Amino acid sequence: MIESLGLYFSFPLVRYALIVGVLIALCSSLLGVTLVLRRFSFIGDGLSHVAFGAMAIAGVLHLTDDMLFVLPFTVLAAILLLRTGQNTKIKGDAAVAMISVGALAVGYLLLNLFSASANLSGDVCSTLFGSMSILTLTRTEVWLCAALSVVVLVIFILFYNRIFAVTFDEDFARAAGTRAEAYNLLIAVVIAVIIVLAMNLVGSLLISALIIFPAMSAMRVFRSFRGVTVCSAVLSVVCAVLGILISVIVGTPVGSTIVAIDIAAFLVCCAVSGIKGGIRK
Amino acid sequence: MAQLTCSNLTLGYEGHVVLSGLNFSVSAGDYLCIVGENGSGKSTLVKTMLGLMKPLGGRVTLGDGLRENEIGYLPQQTAVQKDFPATVREVVLSGCQGRAGMRPFYNRQEKALARESMEKMDITALAGRCYRELSGGQQQRVLLARALCATRRLLLLDEPVSGLDPMVTQEMYALIRQLNREGITVIMISHDIAAAARFASHILHVGNTVFFGTREEYLRSDIAARFLVPEGGDRP
Ligand SMILES: Nc1ncnc2c1ncn2[C@@H]1O[C@H](COP(=O)(O)OP(=O)(O)O)[C@@H](O)[C@H]1O
Ligand SMILES: [Mg+2]
């Protein structure tokens, strides 16, 4: 088994996939707490569907580096969704649901009408569930993924305190002179970038899992914001590495393998917090 | 000179007026209590004073060298914080956000300020505890410590004692009074008119009838006679 792993890792593509996978897993876990505790989770879900629609359009237009198209499209959608979500007149949730389900339907329709591919359902499936797409990234996309991950990481570290303040108590933060709207926008844009990145790893339907599971697991065990953030980053990276390795050896789809391991980690964390609680009582 | 002045202020939501024609001002060292029934617009007034909402008419002006980010705010309790994983230290430190401005991390002075505020509120022992696991009274102390990190001059407290038991309520009032004696201006919302009449230097009564004046003027007014049930020795 070790030998076969060694063989796989003699391919640069597999090494790239692992590095990119680790970076993506790291980024996607960072905003999990913010996403779970604020109403931002609706944006996360909606955006992953929008990203699927964008992917379909890119496919129809025969773009080679489709990330370059999908990224700006999704960021734009994030800004729009944030606006509608805050609009009290339109029912925010309903608007988001309309946009996301609409993108899904139109995306599939476009693919059916215009795609030249012989294996349409295979293509759709891999866009939705990730399959092996992390191994088929072009060189440009690998570099783009790496660069974007680093940018997300740096932004998160630089804005860590402000993200905490705005997430914990937006009114207080605004009263203290923090420009909460600007940071909400920043958070939405970063989420959009993370979703486009994570789509390469787990496909658009499983992105929410990659973002939410590590944060939920960490919240079971840790009680400080920093503890939860660090723990969910570590968990996410470990699960992603395990998932990629297992999928390479056993031949399971990358995305669902990673998510399955995330679920297992969540169960372990539940057990740990249960035991801890038991001891305390 | 007044630190905060509201002139001919009208406030409300999207054209639906909650309060109108408010005129009052707060000077350094004052202790203003805003009283009125539930739903009379007290929280809305506070949000308007803080600039979180635009007034529908009139204006709020700051004076006496008070800057917008020098106001410490203790919001009425919200639901988000119920499940939030954060330690007391992290919450209190976040009160320094206005001071830190664009600087990404807190510096030594800010961390010292957070420690000092925690000491003042007597919650140093809780520093590593999780905020959501504290009692209501402890949580309010934490939020008060956070507000103290944001200001040395003006505190705006929205129902700081709601949901607290009588003992803890008295402790909270004592803490706030102590801060006021140290020179911090206090604007406190309360629907406990008797307590307001005991501690405040000025009273703003909102509702169907609006009253603003010193405590003595308030006690002599008709409104007070209607709302303050005389309780023997309790009236000052
Ligand atoms: N976000 C909102 N949108 C529209 N109306 C609101 C909103 N919040 C409060 N109100 C209304 O404004 C009035 C005053 O509310 P509030 O300022 O919270 O009162 P108080 O704090 O004195 O109990 C109430 O009638 C309430 O229904
Ligand atoms: Mg209120």
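Everything here concerns the structure above.
A few points on the structure.

The rules behind each value
- Residues numbered from 1 in each chain as written.
- Chains lettered and ligands numbered in written order.
- Predicted model: local features only at pLDDT ≥ 70, side-chain atom pairs only at ≥ 80, totals over all residues.
- Heavy atoms only, no water.
- Helix = DSSP H or I, 4+ residues; strand = E, 2+ residues; numbered from the N terminus.
- Buried < 20%, exposed > 50% of the residue type's maximum accessible area, 1.4 Å probe, protein only.
- Contact = heavy atoms within 4.5 Å.
- Patch = residues over 30% accessible without salt bridge, like charges linked within 9 Å, V, L, I, M, F, W, Y side chains within 5 Å.
- Areas by Shrake-Rupley, 256 points an atom, 1.4 Å probe, with all protein chains shown as cover.
- Salt bridge = Lys/Arg side-chain N within 4 Å of Asp/Glu carboxyl O.
- Lys, Arg positive; Asp, Glu negative; His and termini not counted.
- Charge placed at Lys NZ, Arg CZ, Asp CG, Glu CD.
- Polar contact = N/O pair within 3.5 Å; in protein donor to acceptor, adjacent residues only side chain to side chain.
- Core = buried A, V, L, I, M, F, W, Y, C linked by side-chain atoms within 4.5 Å.
- Domains from an automatic or database assignment.
- Near = heavy atom within 4 Å.
- Nonpolar A, V, L, I, M, F, W, Y, C, P; charged D, E, K, R; others polar.
- Buried area = accessible area lost by both parts, 1.4 Å probe.

We now examine the environment of A:Val152. Residue and element names in this part refer to chain A. Position of Val152 among the secondary structure elements: in helix H8 (residues 139-158). We classify Val152 as buried; its relative accessible area is 4%. Between the C-alpha atom of Val152 and that of Cys27, which follows or precedes it by 125 residues, the distance is 6.6 Å. Non-local contacts of Val152, meaning those with residues more than four positions away in its chain, are made with Cys27, Val190, Val193 and Ile194.

Moving on, we get to a positive patch on the surface. Together, A:Arg226, B:Arg89, B:Arg108, B:Lys111 and B:Arg115 give the surface a local cluster of positive charge. With three residues, helix H4 (residues 108-120) of chain B is the single largest residue contributor to the positive patch. Looking at where A:Arg226 falls in the secondary structure, it is placed in helix H13 (residues 225-250).

Okay, the side chain of A:Ser247 next. All names here are of chain A. Positionally, Ser247 belongs in helix H13. Overall, the relative accessible area of 1% leaves Ser247 in the buried class. Separated by 2.9 Å, the side chain of Ser247 and the backbone oxygen of Ile244 make a polar contact.

Once that is clear, we can look at the nonpolar core. One finds A:Leu47, B:Val92, B:Ile123 and B:Leu144 to be the most contacted residues of the largest nonpolar core, which totals 130 residues. Among the elements that line this core, the one with the most residues is helix H11 (residues 180-202) of chain A, at 16 residues. Summarising the domain contributions, this core has at least three residues from each of domain 1 (1-66 + 156-229) and domain 2 (78-152) of chain B. If near-sequence neighbours (up to four positions away) are discounted, A:Leu47 is found in contact with A:Thr74, A:Ala77, A:Ala78, A:Leu81, A:Ala188, A:Ile191, A:Ala192 and A:Ile195.

What follows concerns the site of ligand 1. Residue and element names in this part refer to chain B. Taken together, the residues surrounding ligand 1 are Tyr13, Val18, Glu37, Asn38, Gly39, Ser40, Gly41, Lys42, Ser43 and Thr44. Between ligand 1 and the protein, one listed contact pairs an oxygen atom with a backbone N or O atom of Lys42 at 2.8 Å. In this structure, Ser43 approaches ligand 1 through a side-chain N or O atom, which is 2.7 Å from an oxygen atom. Here ligand 1 loses 57% of its free accessible area of 560 Å² to cover by the protein chains. No other element matches helix H1 (residues 42-49), which puts three residues into the shell around ligand 1. Residues belonging to the shell around ligand 1 are distributed by class as follows: two nonpolar, six polar and two charged.

Contacts between the two partners involve 36 residues from chain B and, on the opposite side, 29 residues from chain A. Taking both sides of the interface into account, the surface hidden between chain B and chain A amounts to around 2800 Å²; carbon and sulfur atoms contribute 62%. Looking at the side of chain B facing chain A, the largest losses of area belong to B:Leu52, B:Phe84 and B:Pro85, adding up to 22% of the total buried there. With a closest N to O distance of 2.5 Å, A:Arg223 and B:Glu133 form a salt bridge. Elements with a contribution of two residues or more to the side of chain B that touches chain A: strand E5 (71-74), helix H2 (88-93), helix H3 (97-100) and helix H5 (136-150) of chain B. Class assignment for the residues of the side of chain B that touches chain A results in 19 nonpolar, eight polar and nine charged.

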